[in-house]
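# Architecture at a glance
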Amino acid sequence: QVQLVESGGGLVQAGGSLRLSCAASGRTFSTYTMGWFRQAPGKEREFVAGISWAGGSTYYADSVKGRFTISRDNNKNTVYLQVNSVKPEDTAVYYCAAARSVLARTPAVYDYWGQGTQVTVSS
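Summary of the structure given here.

## With respect to the overall build of the protein chain
The helix and strand tally for the protein chain stands at 0 helices and 11 strands. On the principal axes, the C-alpha backbone points of the protein chain span a range of 40 × 25 × 25 Å. When the 123 residues of the protein chain are sorted by exposure, 44% land in the buried category. Long-range contacts, defined as pairs at least 24 residues apart, comprise 58% of the intrachain contacts of the protein chain with a sequence gap of at least 6. Element-wise, carbon and sulfur atoms account for 48% of the exposed surface of the protein chain, whose accessible area totals about 6,300 Å². Mean positive and mean negative side-chain charge positions of the protein chain (12 and 8 charges, respectively) differ by 5 Å.

Okay, here's the thing in structure tokens:
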């Protein structure tokens, strides 16, 4: 069992930056693939970024590539999402998720989810 708690969301102006954090409970954090997803009002949850269990592989949605960076610190049981050059279309609730499987972009593959943190970008 893994419990995930996101933090770091808030209101930011377009072009600004945020760092989202996701703290995980449990001693097996380092064995999980981790992902960040987001969901805007009226839209489906979409993949944003993912990182393999050791951090050696990362994947990004095309819409955030070059602006967002995912990283993890297995000693701190935490995964991060550095969000730079934000745009109004980045406004959404951001969720972190943990999967026992290999890195994937599909929400159904992920076994555990946090409660989400709101990111609102003003133009």
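## Quick notes on the pattern of salt bridges
On inspection of all chains with the given rule, the structure shows 5 salt bridges. E46 serves as the salt-bridge partner of R38, at 2.6 Å between the closest nitrogen and oxygen. Overall, E46 belongs to the partly exposed group, its relative accessible area being 35%. Here D111 and R100 are joined by a salt bridge, their closest N and O atoms 3.4 Å apart. Here R100 lies in the loop between β9 (92-99) and β10 (112-113) and D111 lies in the loop between β9 and β10, a separation of 11 residues in the sequence. The class of D111 is partly exposed, set by a relative accessible area of 34%. For R100, a relative accessible area of 55% gives the class exposed. The structure contains a network of salt bridges with shared partners spanning R38, E46, R67 and D90.

## Brief notes about the pairing of strand β11 (residues 117-122)
Only one face of β11 is buried: it carries T117, V119 and V121, and the other face, with Q118, T120 and S122, is open. Both strand β2 (residues 10-13) and β11 contribute to a ladder of 4 bridges, which runs parallel. Its bridge partner being in β11, G10 is matched across the sheet by V119. With 3 bridges joining them, β9 and β11 adopt antiparallel strand pairing. Its bridge partner lying in β11, V93 is registered against Q118.

## Brief notes about the packing of aromatic side chains
Tallied over the entire structure, the rule returns 6 aromatic pairs. Geometrically, the ring pair formed by F37 and Y110 is edge-to-face, given 5.0 Å between the ring centres and 80 degrees between the ring planes. Of this pair, F37 sits in strand β4 (residues 33-39) while Y110 sits in the loop between β9 and β10, and the two are 73 residues apart along the sequence. The burial state of F37 is the same as that of Y110; both residues are buried.

## Considerations on the state of the cysteines
This structure, assessed with the given rule, holds 1 disulfide. There is a disulfide in this structure between C22 and C96, and the S-S distance comes to 1.9 Å. Judged by the sign of its S-S torsion, about 45 degrees, the cystine formed by C22 and C96 is right-handed. In this pair, C22 sits in strand β3 (residues 18-24) while C96 sits in strand β9, placing the two residues 74 residues apart along the sequence. For C22, a relative accessible area of 0% translates into the label buried.

The rules we used
Residues numbered from 1 in each chain as written. Predicted model: local features only at pLDDT ≥ 70, side-chain atom pairs only at ≥ 80, totals over all residues. Heavy atoms only, no water. Helix = DSSP H or I, 4+ residues; strand = E, 2+ residues; numbered from the N terminus. Buried < 20%, exposed > 50% of the residue type's maximum accessible area, 1.4 Å probe, protein only. Contact = heavy atoms within 4.5 Å. Areas by Shrake-Rupley, 256 points an atom, 1.4 Å probe, with all protein chains shown as cover. Lys, Arg positive; Asp, Glu negative; His and termini not counted. Charge placed at Lys NZ, Arg CZ, Asp CG, Glu CD. Salt bridge = Lys/Arg side-chain N within 4 Å of Asp/Glu carboxyl O. Pairing = 2+ DSSP bridges. Phe/Tyr/Trp six-rings, centres within 6.5 Å; stacked < 30°, edge-to-face > 60°. Disulfide = S-S within 2.5 Å.

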